[in-house]
Amino acid sequence: MSEVAVIIVNFLTGDLVESAVDELARAGLEIAVWDNSGDVGPRVRELAVVSADGSNRLFAAPNNTMYAATDAPFVLLLNPDVVISPSSIDALLATLRADPGAWGAMPRLIGVDGEDQNYLRRLPTVSMLLADRLPLLRSLFPRAYERYYYKDVDLSVSGTVEQPPAACLLVRRDLVGERLFDESYPLFFNDTDLARRLNASGKHCRYVATVTASHVGGASIARARPTRRSWIRREYDLSLLRYARRNVRGWFVLVPVIAIRVVATSTVAAVDRIFRRWRG
């Protein structure tokens, strides 16, 4: 049994999965891929255990299935558009071994342009979410917005992060337990809920600035059909509201904001469909 298992959920990024898996296979790691869109190629099937059931199970459920299928004490959650070297995984593993209170460790994410990508987040408050969802309110809650997106930290300095992205996150099974994600957050806010639950137990997640990973960012969404992208935007807002209702004080003030956003997104999607039918 490998000490580290890597789990990847694919949607429309079969070519990128291949790049990620090629890098990992050199270290003999246990690799599992869930194929939501049926475009994983033979090279990936040669190097990883590929699973699918013919449907798009989104994000939380496939990760839970693959997490439960491995006994590895450390599991790397990896997006298909992230490439991380085996030596970088070893460095994250060393960080977790050296810090028994750390439930996870994440690297510094670098875009294809060579620039930092700030995917760090703090656990949200209602003012943070209001500023995030309504840009006009950012002038009213500037500090909340900056704190939510960790704009007040130097990304070149290692530390702890309240809410690490699941794009590239090494977790320790003995602290996470046998339950990974809450599947009532099928696509978004499952990693937020995971961080909230584990941080509440007195543990923390490490941000390791000296370890880097290459991240395209948003590849699946960019390749989705316009109607699918509209659905994804609505799902994000509805998941945000679901998370806030359960965990954020004063969540009810978000209801009209999310309602406006959902209606606007649905209207734009409907107009786009009509326009495309008229053109075609």
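These remarks concern the structure in this document. Just so it is clear, the structure is predicted and the values come from calculations on it, not from any experiment. (Residues numbered from 1 in each chain as written. Predicted model: local features only at pLDDT ≥ 70, side-chain atom pairs only at ≥ 80, totals over all residues. Heavy atoms only, no water.)

Another point: the packing of aromatic side chains. Inspection of every chain in the model, using the stated rule, returns 8 aromatic pairs. Aromatic side chains Phe59 and Phe181 sit 5.8 Å apart centroid to centroid with 35° between the ring planes, which places their arrangement in the tilted category. In this pair, Phe59 sits in the loop between β3 (49-51) and α3 (60-69) while Phe181 sits in the loop between α7 (173-176) and α8 (190-200), placing the two residues 122 residues apart along the sequence. With respect to class, Phe59 is no different from Phe181; both count as buried. Ring centres of Tyr148 and Tyr149 lie 5.1 Å apart, and the angle between their planes is 70°; this geometry places the pair in the edge-to-face category. Residue Tyr148 is classed as buried on the basis of its relative accessible area, which comes to 2%. For Tyr149, a relative accessible area of 16% corresponds to the buried category. What links up through ring pairs into an aromatic cluster is the set Tyr185, Phe188, Phe189, Tyr236 and Tyr243. Taking the ring centre of Trp34 as reference, the NZ or CZ of Arg57 above it sits at 4.9 Å. (Phe/Tyr/Trp six-rings, centres within 6.5 Å; stacked < 30°, edge-to-face > 60°. Helix = DSSP H or I, 4+ residues; strand = E, 2+ residues; numbered from the N terminus. Buried < 20%, exposed > 50% of the residue type's maximum accessible area, 1.4 Å probe, protein only. Lys NZ or Arg CZ within 6 Å of the ring centre and 35° of its normal.)

This part covers the layout of surface pockets. The calculated volume of the largest pocket comes to roughly 1200 Å³. Forming the walls of the largest pocket are 40 residues, and the residues nearest its centre are Asn79, Leu187, Phe188, Ile221 and Tyr236. If you list the elements that add at least two residues to the lining of the largest pocket, you get β1 (4-10), α5 (126-133), α8, α9 (219-223) and α10 (226-247). The element best represented in the lining of the largest pocket is α10, accounting for 6 residues. Class assignment of the residues belonging to the lining of the largest pocket gives a composition of 20 nonpolar, 11 polar and 9 charged. Volume-wise, the second largest pocket comes out at about 160 Å³. Lining the second largest pocket are 14 residues, with Ala32, Val49, Ser51, Met66 and Ala69 sitting closest to its centre. Those elements that place two or more of their residues in the lining of the second largest pocket are β1, β2 (30-35), β3 and α3. Here the lining of the second largest pocket gets 5 residues from one element, more than from any other, and that element is β2. Grouping the amino acids of the lining of the second largest pocket by side-chain chemistry returns 10 nonpolar, 3 polar and 1 charged. (1 Å grid on protein atoms, 1.4 Å probe; cavity = no way out; pocket = protein on both sides within 12 Å on 5 of 7 lines; lining within 4 Å. Points joined across faces, edges and corners; volume = space filled by probe spheres on them. Nonpolar A, V, L, I, M, F, W, Y, C, P; charged D, E, K, R; others polar.)

This next bit is on a nonpolar patch on the surface. Taken together, the side chains of Phe252, Val253 and Val255 present a nonpolar region at the surface, about 250 Å² in accessible area. Within the secondary structure layout, Phe252 lies in the loop between α10 and α11 (254-279). Overall, the relative accessible area of 54% leaves Phe252 in the exposed class. (Patch = residues over 30% accessible without salt bridge, like charges linked within 9 Å, V, L, I, M, F, W, Y side chains within 5 Å. Areas by Shrake-Rupley, 256 points an atom, 1.4 Å probe, with all protein chains shown as cover. Salt bridge = Lys/Arg side-chain N within 4 Å of Asp/Glu carboxyl O.)

Now for the environment of Ala32. Examined against the element boundaries, Ala32 turns out to sit in strand β2. Assessed through its relative accessible area of 17%, Ala32 is described here as buried. Put simply, Ala32 and Arg45 are 13 residues apart on the chain and 9.5 Å apart in space, counted from C-alpha to C-alpha. In this structure Ala32 touches Val6, Ile7, Ile8, Val49 and Met66, once residues within four positions along its chain are discounted. (Contact = heavy atoms within 4.5 Å.)

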